[in-house]
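Here is what each chain is made of, one letter per residue.
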Amino acid sequence: MEFEQKLQESIDKLDELKKEQEELREETEEGKESDESLKEEQEKLNEDFEKLREELDDLEKKNEELEFENDMPETDELEEDIEEEMEQSAKELDKGNKKDASDKQKKSEEKMDELSESLNSLQQSMGQQQQMEDMEALRQLLDNLVRLSFEQEELLEQTVELNRNDPKFVEVLREQNRLKEDSKLIEDSLFALSKRVIQIESTINKEMGEVNRNMDLALAELAERRTQQASSRQQYV
C-alpha cells in the first residue's frame, strides 16, 4: 500500500504544481508584477518540480522492490522537457521577455498534463489489477467457506449419534477445534479483504462473527459432553 500512497501523493503534487504554474503564467501575461518578482516565483516552482522528480525517482525504486513490479511508464525524458521549459521561462523573465516566458510556461503546463496522464494511467491499471486479485481471493475464500460448511455438517451428523460415554467424543472435539481454527483463518482473510472491498465489510464481518460464536459454544458443549446442545449450536455454523 505504501507504493500506492506515494503514487497518489506525487499525482497530487504534480496537479498542484501545474495549477501554480498556470496562475504564474496568467500573472506574467497580465504584466502587473515586476520581472524580478515573476522570476522568483518561477524559480520557486522550478525547485518544487525538482523535488517532485526526486520523489518520482524514489517511487521507481520502491516499485523495483515490490514482489510484483508495476509497469511504470518511462517519464524521464518528459520530466527533463518540463524542467527545461521552466528554466527557460525563468531566464526569459530575467531578460524582461514576458511574452517568451509566458510561452515557455504554457509549454511546461502542457507537458505536465502529459506526465499527469501517464501517472493516472498507471494508477488506473493498478486499480484494475487489484480488483481482479481481490475477486480471485474472494472466490477462493468462498470456496473454503463452502468446504468448511460441508465438514461442519458431517461433524454434526457424527455428534447427533454420540452418547455421553462414547469414546469418539475426543475425536469429535478435536475435529471441532480444527474447524474452529480453519474458520478463524478464513475470518482473518475475509476481514483483510473487506478493508479493500468495502461492499462486503459489514455483511462478512457480522456473519463470520456469528459462525465463530456458535463454534465456540459448540466446543463448550462438547467439552461437557452435552451432545444435544452441541449439535444445536453446530446447526447455526
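Bear in mind that the values here come from a model prediction, so they are computed numbers and not experimental data.

Undergrad: Provide a residue-level description of the nonpolar core, including the pertinent values.
TA: With 22 residues, the main nonpolar core has L7, L14, F49, I82, L115 and L119 as its most contacted residues. Contributions of two or more residues to this core are made by α1 (2-30), α2 (35-65), α3 (76-95) and α4 (98-160). With residues up to four places along the chain from it excluded, the contact list for F49 reads L14, L17, E79, I82, E83, M86 and L115. Within the second largest apolar cluster, 15 residues are counted, among which are L138, F169, V172 and M208.

Undergrad: How would you explain the side chain of E109 if you had to name every residue and give the values?
TA: Mapped onto the elements of the fold, E109 is located in helix α4. Here E109 is in contact with K18, Q21, E22 and R25, once residues within four sequence places are set aside.

Undergrad: Which residues make up the packing of α1 against α2, and what values do they have?
TA: It is at 10 Å that the axes of α1 and α2 come closest, and there the two elements cross at 160 degrees. Between α1 and α2, the crossing angle belongs to the class labelled roughly antiparallel. For α1 against α2, the interelement crossing comes out left-handed. When grouped by side-chain class, the residues that make up the contact of α1 with α2 number 11 nonpolar, five polar and nine charged.

Undergrad: Can you lay out α2 for me, pointing to particular residues and giving the numbers?
TA: Between its first and last C-alpha atoms α2 spans 45 Å; for 31 residues at 1.5 Å apiece the expected length is 45 Å, and the two agree. Every buried residue of α2 is listed here: L38, K39, Q42, L45, N46, F49, L52, R53, L56, L59 and N63. As for α2, its buried residues are in contact with α1, α3 and α4.

Undergrad: Explain the pattern of salt bridges residue by residue, including any values.
TA: This model, assessed by the stated rule, comprises 22 salt bridges. Here K39 ties to E36 by a salt bridge, and the two come within 3.9 Å at their closest N and O atoms. Placement of the pair is K39 and E36 together in helix α2, with a separation of three residues, close to one helical turn. Residue classification places K39 among the buried positions, given a relative accessible area of 15%. Among the residues examined, E36 registers a relative accessible area of 42% and is labelled partly exposed. Where salt bridges share partners, they join R147, E151, E175, R178 and D182 into one cluster.

Undergrad: Any chance you could break down the confidence of the model for the protein chain for me, citing the residues and the numbers?
TA: Low-pLDDT stretches of the model should not have their predicted coordinates read in fine detail. For the protein chain, the mean per-residue pLDDT works out to 86, and 93% of the residues sit at or above 70. Per-element confidence in the protein chain is highest for α3, whose mean pLDDT is 95, and lowest for helix α7 (residues 227-234), whose mean pLDDT is 68.

Undergrad: Let's hear about the side chain of Q42: which residues, and what values?
TA: Structurally, Q42 is set in helix α2. Discounting residues that sit within four places of it in the chain, Q42 has contacts with Q21, L24, M86, S89, A90, L93 and Q105.

Undergrad: Tell me about the environment of Q8, and please be specific about residues and values.
TA: For Q8, the position within the fold is in helix α1. Only 2.8 Å separates the side chain of Q8 from the side chain of D12, close enough to count as a polar contact.

Rules behind the numbers
- Residues numbered from 1 in each chain as written.
- Predicted model: local features only at pLDDT ≥ 70, side-chain atom pairs only at ≥ 80, totals over all residues.
- Heavy atoms only, no water.
- Core = buried A, V, L, I, M, F, W, Y, C linked by side-chain atoms within 4.5 Å.
- Buried < 20%, exposed > 50% of the residue type's maximum accessible area, 1.4 Å probe, protein only.
- Helix = DSSP H or I, 4+ residues; strand = E, 2+ residues; numbered from the N terminus.
- Contact = heavy atoms within 4.5 Å.
- Axes fitted to C-alpha atoms, helices over the stretch in contact; angles between N-to-C directions.
- Parallel < 35°, antiparallel > 145°, perpendicular 65-115°, else oblique.
- Left-handed = near helix turned anticlockwise from the far one by under 90°.
- Nonpolar A, V, L, I, M, F, W, Y, C, P; charged D, E, K, R; others polar.
- Expected span 1.5 Å × (residues − 1).
- Salt bridge = Lys/Arg side-chain N within 4 Å of Asp/Glu carboxyl O.
- pLDDT = per-residue confidence, 0-100.
- Polar contact = N/O pair within 3.5 Å; in protein donor to acceptor, adjacent residues only side chain to side chain.

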